[in-house]
Amino acid sequence: MFKHPLFTKLAALTAITVLLLFGLGLIEDVVRDRLRYRSITAQSVAESLAGPQTLMGPMIHSACVESWDEEVGKGDERRMVERRRELILTAMPEQLKLTTGAAMEERARGLHKVNTYNLKANVTAQWGSLASLLPQSSMKNSRMHCGAPIVMMAVGDARGIRTAQFTMGSQALALKPGTFHPTYSRGLHAMLPESVRGKADGLTATLDLELVGTERLAIVPLGGNTEVLMTSSWPHPSFGGRFLPSEREIKKSGFSAQWRLSSLATTAQADIASGKRICLGADEGSDYAHTGATPGDCADSFSVAFIDPVNPYSLSDRATKYGVLFIALTFVAVGLFELMKKLRVHPVQYLLVGSALCSFFLLLVSLSEHLPFGISYAVAASACVLLLAYYASHMLGGLARGIPLGAGIALLYGLLYVLLQLEQTALVVGAIALFLVLAAVMVLTRKVNWYGLSQGGGTPGRPMPPKPPSTPPSSPMPPTPAAPTAPARPVTPRTEAA
């Protein structure tokens, strides 16, 4: 049974498929290497410019030290020692309004490009009573020493600060680097007069800030009521974090989004007061926790990522995952020609066809580094379709057979491009297309007698000769010569006696 030509060919095609899968694996490794190089490029740009940014504040805080005397020891060893307790008093704004505009700037390292932005933000914060800045003694007869109240604005990467102007009422405040906060140390601050401590009628501060960053911006809704209006010329925002925009409008010319949050819906004020870290917009070496932290370790925040939906490496990586399906469907198409037209296609020809299909993915990733992805895809697909149609015309014995095969492969490439552009419906479209292909194969082979497949073969590209009958017909027997007979004696008429 295993010497049957059909089994021999299936074994050869299996070996060829394994070899092609190995080649696809090598191409996938190339794509992953390119993705890794792009990640290294993004880190390099962040190290040279500024990383993902986070805005937290403005917030007023004051560092205090409470000290008291405590008697220790007994008898002659009894003495008084000083105990100390450090605490930070904070005052969160009751109303916080941010109006931001992000202008995109593309940076590159070699062939790899990274999205950076120049953010111009106007921040208005209003405080009510500042009674929370008044220290409360926890021990009897203790002494309380507090530093001057500080209004601060924390950012993810202080290297991205370009300009900043802080005004309180009509008075401009002198800004200095740092925040003097033990947890959120990167940013800027200004000293406030001692007279604001415990102020009943509150105060209002305005900050004009120009900030640059890389790929992502996060904001902490620190106010009792927080309103954020963000506009940008980037048409592909990705909203994340704990809150999505209340309103948003995305166009080809850019997007606008608005968040309106109440302290009833977010624990940001309590999170910051307790020193929880901010998990969005983190970069290596920053004061903020990375996205690997659990949600309970992170302060509430929301973010916008300025993603590139036509990332050639991610699209190429997705495309190579369909390589096995491409090879299988093409082999099925060639096998159908071989079966229906009674042709013979050598396994080496299957190998060359599969190699041409694999070369498409390598062409795609290499061209997309220099050309837009759509143009790269069209060039790579057209080259492979023309090559396969030309080769199939000779392999299948005629242009009338090669062109349909090339058209089918072109249809596969078109379907793959549609799948790469889809996000939410890619699975359902791919499943329906695969079902239709399976249905077409079943309809075309519905009358095939699989048990009666020919064992013999013809010549490549030519119809197979008719199968000789299993038992040759018997040759006609020559006539047997008749045995010689004696000559007949003359019959004498016999007369009766009278």
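Residues numbered from 1 in each chain as written. Predicted model: local features only at pLDDT ≥ 70, side-chain atom pairs only at ≥ 80, totals over all residues. Heavy atoms only, no water.

### Details of the overall build of the protein chain
Line of reasoning, step 1. Within the protein chain, the secondary structure is distributed over 8 helices and 17 strands.
Line of reasoning, step 2. For the protein chain, with 498 residues in total, the buried portion stands at 40%.
Line of reasoning, step 3. Long-range pairs, those at least 24 residues apart, make up 75% of the contacts in the protein chain with a sequence separation of at least 6. (Helix = DSSP H or I, 4+ residues; strand = E, 2+ residues; numbered from the N terminus. Buried < 20%, exposed > 50% of the residue type's maximum accessible area, 1.4 Å probe, protein only. Contact = heavy atoms within 4.5 Å.)

### Some remarks on the pattern of salt bridges
Line of reasoning, step 1. If you walk through the whole model with that rule in mind, you get 17 salt bridges.
Line of reasoning, step 2. Here Arg 32 makes a salt bridge to Glu 28, at a shortest N to O gap of 3.4 Å. Here Arg 32 and its partner Glu 28 are both found in helix α1 (residues 5-48), 4 residues apart, which amounts to about one turn of the helix.
Line of reasoning, step 3. For Arg 32, a relative accessible area of 38% translates into the label partly exposed.
Line of reasoning, step 4. Among the ionic pairs, Glu 66 bridges to Arg 85, the shortest N-O distance being 2.6 Å. (Salt bridge = Lys/Arg side-chain N within 4 Å of Asp/Glu carboxyl O.)

### Thoughts on the state of the cysteines
A covalent bond between the sulfur atoms of two cysteines is what we call a disulfide.
Line of reasoning, step 1. Counting across every chain of the model gives 1 disulfide.
Line of reasoning, step 2. Two residues, Cys 64 and Cys 146, share a disulfide whose sulfurs are 2.0 Å apart. One disulfide, between Cys 64 and Cys 146, carries an S-S torsion of 110° and so falls in the right-handed class. Of the two residues, Cys 64 is situated in strand β1 (residues 53-72) and Cys 146 in strand β5 (residues 143-146); the sequence distance between them amounts to 82 residues.
Line of reasoning, step 3. A residue is classified by how much of its surface remains accessible, and Cys 146, at 29% relative accessible area, is partly exposed.
Line of reasoning, step 4. Cysteine Cys 384 shares no disulfide, and the gap to the nearest cysteine sulfur, in Cys 358, comes to 9.8 Å. (Disulfide = S-S within 2.5 Å.)

### Here's the deal with the pairing of strand β12 (residues 216-219)
Line of reasoning, step 1. As paired strands, β1 and β12 are joined by 3 bridges and run parallel to one another. In the sheet register, Leu 55 faces β12, and the bridge partner there is Ile 219.
Line of reasoning, step 2. Direction of pairing for β12 relative to strand β17 (residues 302-306): antiparallel, over a ladder of 4 bridges. Note that in β17 the partner of Arg 216 across the bridge is Ala 305. (Pairing = 2+ DSSP bridges.)

### Describing the packing of helix α5 (residues 347-367) against helix α6 (residues 373-395)
Line of reasoning, step 1. The contact between α5 and α6 brings their axes to 8 Å, and the two run at 165°. One way to sum up the angle between α5 and α6 is to call them roughly antiparallel. With respect to the hand of their crossing, α5 and α6 are arranged in right-handed fashion. Contacts between α5 and α6 involve Gln 349, Leu 352, Val 353, Ala 356, Leu 357, Ser 359, Phe 360, Leu 363, Leu 364 and Leu 367 from the former and Phe 373, Ser 376, Tyr 377, Val 379, Ala 380, Ala 381, Cys 384, Leu 387, Leu 388, Tyr 391 and Met 395 from the latter. (Axes fitted to C-alpha atoms, helices over the stretch in contact; angles between N-to-C directions. Parallel < 35°, antiparallel > 145°, perpendicular 65-115°, else oblique. Left-handed = near helix turned anticlockwise from the far one by under 90°.)

### Some details on the sheet that holds strand β4 (residues 112-127)
Line of reasoning, step 1. Strand order in this open sheet of 8 strands is β8-β7-β11-β4-β3-β13-β16-β15, and the pairing throughout is mixed. Since the sheet does not close on itself, it has two edges, and those belong to β8 (171-173) and β15 (247-251), each with one partner. Strand-to-strand twist across the sheet, computed as the mean angle between neighbouring axes with direction ignored, equals 15°.
Line of reasoning, step 2. Where strand β7 (residues 161-168) and β8 come together, 3 bridges link them in antiparallel fashion. Residue pairing across strands places Phe 166 opposite Leu 173, the latter belonging to β8.

### Section: the packing of α6 against helix α7 (residues 399-421)
Line of reasoning, step 1. For the pair α6 and α7, the least separation of the axes is 7 Å and the interaxial angle reads 155°. Taken together, the axes of α6 and α7 lie roughly antiparallel to each other. Like other packed secondary-structure pairs, α6 and α7 cross with a definite hand, here right-handed. Of the residues in α7, those touching α6 at Phe 373, Gly 374, Tyr 377, Ala 381, Cys 384, Val 385, Leu 388, Ala 389, Ala 392, Ser 393 and Met 395 are Leu 399, Gly 402, Ile 403, Leu 405, Gly 406, Ile 409, Ala 410, Tyr 413, Leu 416, Tyr 417, Leu 420 and Gln 421.
Line of reasoning, step 2. Taken together, the residues of the contact of α6 with α7 sort by class into 18 nonpolar, 5 polar and no charged. (Nonpolar A, V, L, I, M, F, W, Y, C, P; charged D, E, K, R; others polar.)

### A look at the confidence of the model for the protein chain
Line of reasoning, step 1. Taken as a whole, the protein chain shows an average pLDDT of 82; of its residues, 85% reach a score of 70 or greater.
Line of reasoning, step 2. Contacts of residues 281-291 to residues separated by more than four positions or lying in other chains number 33 contacts, the stretch itself having pLDDT below 50.
Line of reasoning, step 3. Per-residue pLDDT stays below 50 along residues 491-498; that stretch engages in 0 contacts with residues further than four places along the chain or on separate chains. (pLDDT = per-residue confidence, 0-100.)

### Examining α7
Line of reasoning, step 1. With 23 residues, α7 ought to run about 33 Å at 1.5 Å a step, and its terminal C-alpha atoms sit 33 Å apart, in line with that.
Line of reasoning, step 2. Within the span of α7, buried status applies to Gly 402, Leu 405, Gly 406, Ile 409, Leu 412, Tyr 413, Leu 416, Leu 419 and Leu 420. (Expected span 1.5 Å × (residues − 1).)

### Here's the deal with the environment of Val 155
Line of reasoning, step 1. Turning to its location among the elements, Val 155 is positioned in strand β6 (residues 150-155).
Line of reasoning, step 2. For the pair formed by Val 155 and Gln 53, sequence separation is 102 residues and the distance between their alpha carbons is 6.2 Å.

### Observations regarding the environment of Leu 264
Line of reasoning, step 1. Considering the arrangement of structural elements, one finds Leu 264 in the loop between β16 (254-262) and α2 (268-273).
Line of reasoning, step 2. As a C-alpha pair, Leu 264 and Gly 224 span 40 residues in sequence and 8.1 Å in three-dimensional space.

### Focus: the packing of aromatic side chains
Line of reasoning, step 1. A complete count under the given rule lists 13 aromatic pairs for this structure.
Line of reasoning, step 2. Aromatic side chains Tyr 117 and Phe 306 sit 5.2 Å apart centroid to centroid with 45° between the ring planes, which places their arrangement in the tilted category. Of this pair, Tyr 117 sits in strand β4 while Phe 306 sits in strand β17, and the two are 189 residues apart along the sequence.
Line of reasoning, step 3. Given the relative accessible area of 0%, Tyr 117 is considered buried.
Line of reasoning, step 4. On the basis of relative accessibility, which here comes to 2%, the residue Phe 306 falls in the buried class.
Line of reasoning, step 5. Note on Phe 360 and Phe 361: the rings are 5.1 Å apart at their centroids and 70° apart in plane angle, and the pair reads as edge-to-face. Residue Phe 360 shares its accessibility class with Phe 361, and that shared class is buried. (Phe/Tyr/Trp six-rings, centres within 6.5 Å; stacked < 30°, edge-to-face > 60°.)

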